[in-house]
Amino acid sequence: MSKEIRFLTIEVGSTITKVNGFTILGQGRFEHVAQGFAATSVAQGDVRIGVQQALAHLESQYGKITGTPETFVNSSAAGGLRMTVHGLTYSMTARAAREAALGAGAIVKMVTAGQLDDLDLEEIRNIQPNIILLAGGVEFGEKKIVLENAKKLASLNLQIPLVYAGNSAIRKQVQQSFAGSGIEVLLADNVFPEVDVLNIEPLRRIIHEVFNQNIIHAPGMAHIGELTQWEILPTPGAVLRGAELFAEELGDCLVFDVGGATTDVHSVTDGSQEWSLKMTEPEPHAKRTVEGDLGVFINARNIIELEGEEEWKNRLSDLQAIPANERQQELTRWLCSKAVEISIRRHAGVISDIYTPTGKKQVIKGKDLTAVKWIVGTGGALTRIDGGESILRKVCLGAGKYLLPKPDTSILLDRDYRFSALGTLAQAYPSEVKATFRHWVETEIRK
């Protein structure tokens, strides 16, 4: 007899809807008992169609679900929040704001540093963002440019929320700048309160709240929200939360999710003491980068052009969303490998030499990954095509030009697509999720 499904996770993706059934064991961990997939049905005018089809697929293998499982939902069906970010210096507030946005379901479409001009305002209008982020100034620092930027953004009269996460000394003036503009002003703590201090979590929470308000715009999503007492999480936020809990339980980690359109990289690490004194700017403990030009299907041509490989360009006729034969799998495997290699170079810290009056000096810009103990591969491209582990092993080179994971880093493949589901369950059951990750790792080690 099948084990009772006590917990159900629903993931409404941009192309695929996935449902997972879990029970909970006496050891205080989740056991994965069932899974179902279907195409996301945004084009049919109601995401509930895809959810019902995924549930039917699950029940065709597991049997009918009895009772009422506790249900959790994550989604990227509305495409995420289009966000523009405006700060004073790119290396400080604008970059800090961008880091916060990427973990909370936002897609950063524009970043500016310094005073906004007419061309910037025109670009913002063309982007039609769902949310604007205004930052700038350490606590009780710069005021003038931030206030001028507030007035210019207010002149756009966009009927959308704006989050202010800059110098708290001018909060009231910023709010007054938007009076009567139709723009709702939300206040977050300063993302860069002091030089070399990042404070992104309060901002991330506010962006997540706006995501929840926006996700209902996917047709039928409001009804899906009625199935759960918990918030609908942005899928990348669920993966990042899963990575944070994995790292708390098992040590610093790096998570790759290679998809058809994008490659997401999540890292949870503070790096090593060896390199910390050479960092030119602070990095968040938990970081996510999204490479919107790296995907193994929709953006396959992009990867081939970036690599300049004519041989593979001539094989684009083999490209399939779900590869069925060896030639198709070979192409997808190569694309996946290149997506991993390019994305890690963009995510990782870079070692550079600069020349000072006292001589040559090494400096680092970006995330130090040399202390990472685990690399996790999730998503179809890495887990359903042979060779995922060897693809990830290739980037374990240690410190060279880039601060990469060391050669002895352990590698895990999330073959059952559980990572985002567990990150979603962590809203209510973080300890159980940690125990589940530990059991997964211990099981893999015994194999």
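Only a predicted model underlies this, so the values are computations on that prediction, with no experimental measurement involved. (Residues numbered from 1 in each chain as written. Predicted model: local features only at pLDDT ≥ 70, side-chain atom pairs only at ≥ 80, totals over all residues. Heavy atoms only, no water.)

**Looking at the sheet that holds strand β13 (residues 286-291)**
Phase 1: The strand order across the open sheet built from 5 strands is β13-β12-β11-β16-β17, with neighbouring strands paired in mixed fashion. Where the open sheet ends on each side, the last strands, each with one partner, are β13 and β17 (410-413). For this sheet, the mean inter-axis angle between neighbouring strands, taken without regard to orientation, is 15°.
Phase 2: Two strands pair when backbone bridges link them, and strand β11 (residues 253-258) and strand β12 (residues 263-268) are joined in this way by 6 bridges, in the antiparallel orientation. Counted as the bridge partner of C253 is V268 from β12.
Phase 3: Contacts between helix α16 (residues 430-446) and the sheet are confined to β16 (374-378) and β17, with β17 contributing the most and set at about 105° to the helix. (Pairing = 2+ DSSP bridges. Helix = DSSP H or I, 4+ residues; strand = E, 2+ residues; numbered from the N terminus. Axes fitted to C-alpha atoms, helices over the stretch in contact; angles between N-to-C directions. Contact = heavy atoms within 4.5 Å.)

**As for the pairing of β12**
Phase 1: Counted residue by residue, β12 has 6 buried out of 6 residues, so it is predominantly covered.
Phase 2: Across the two faces of β12 the burial is the same, with T263, V265 and S267 and D264, H266 and V268 all buried.
Phase 3: In this antiparallel pair of consecutive strands, β11 and β12, the connection spans 4 residues.
Phase 4: When β12 meets β13, the two strands line up antiparallel, connected through 6 bridges. Across the sheet, residue S267 finds its bridge partner in β13, namely K287. (Buried < 20%, exposed > 50% of the residue type's maximum accessible area, 1.4 Å probe, protein only.)

**Here we look at the packing of helix α10 (residues 300-307) against helix α12 (residues 326-347)**
For any two helices packed against each other, one specifies the crossing angle of their axes together with the interaxial distance.
Phase 1: The geometry of α10 relative to α12 is characterised by a closest axis approach of 10 Å and an angle of 70° between their N-to-C directions. Between α10 and α12, the interaxial angle falls into the category roughly perpendicular. Crossing handedness for the pair α10 and α12: left-handed. In this structure, α10 uses A300, I303, I304, L306 and E307 to contact α12, whose residues at the interface are W334, L335, K338, A339, I342, R345 and R346. (Parallel < 35°, antiparallel > 145°, perpendicular 65-115°, else oblique. Left-handed = near helix turned anticlockwise from the far one by under 90°.)

**Focus: the sheet that holds strand β8 (residues 161-164)**
Phase 1: Spatial ordering of the open sheet is given by β6-β5-β7-β8-β9, a layout of 5 strands whose pairing is parallel. Unpaired on one side and paired on the other, β6 (106-113) and β9 (184-187) mark the two borders of the sheet. Mean inter-strand twist for the sheet, computed between neighbouring axes without regard to direction, equals 25°.
Phase 2: With 3 bridges joining them, strand β7 (residues 131-134) and β8 adopt parallel strand pairing. Bridging across to β8, I132 finds its partner in L162.
Phase 3: Of the strands in this sheet, β5 (81-87), β6 and β7 touch helix α2 (residues 90-102), which is tilted by about 170° from β6.

**Focus: the side chain of T424**
Phase 1: Looking at where T424 falls in the secondary structure, it is placed in helix α15 (residues 419-425).
Phase 2: Of the polar contacts made by the side chain of T424, one reaches the backbone oxygen of S420; its length is 2.8 Å.
Phase 3: In contact with T424, not counting residues within four places along its chain, are F72, V73, N74, L233 and A238. (Polar contact = N/O pair within 3.5 Å; in protein donor to acceptor, adjacent residues only side chain to side chain.)

**Comments concerning the pattern of salt bridges**
Phase 1: One pass over the structure, following the stated rule, counts 20 salt bridges.
Phase 2: Taking the shortest distance from any N to any O, the salt bridge between D264 and R288 comes out at 3.2 Å. Here D264, found in strand β12, pairs with R288, found in strand β13; they are 24 residues apart in sequence, far enough to count as distant.
Phase 3: Its relative accessible area of 11% is what places D264 among the buried residues.
Phase 4: With a closest N to O distance of 2.9 Å, E291 and R346 form a salt bridge. Taken together, the positions of E291 in strand β13 and R346 in helix α12 put the pair 55 residues apart, joining distant regions of the chain. (Salt bridge = Lys/Arg side-chain N within 4 Å of Asp/Glu carboxyl O.)

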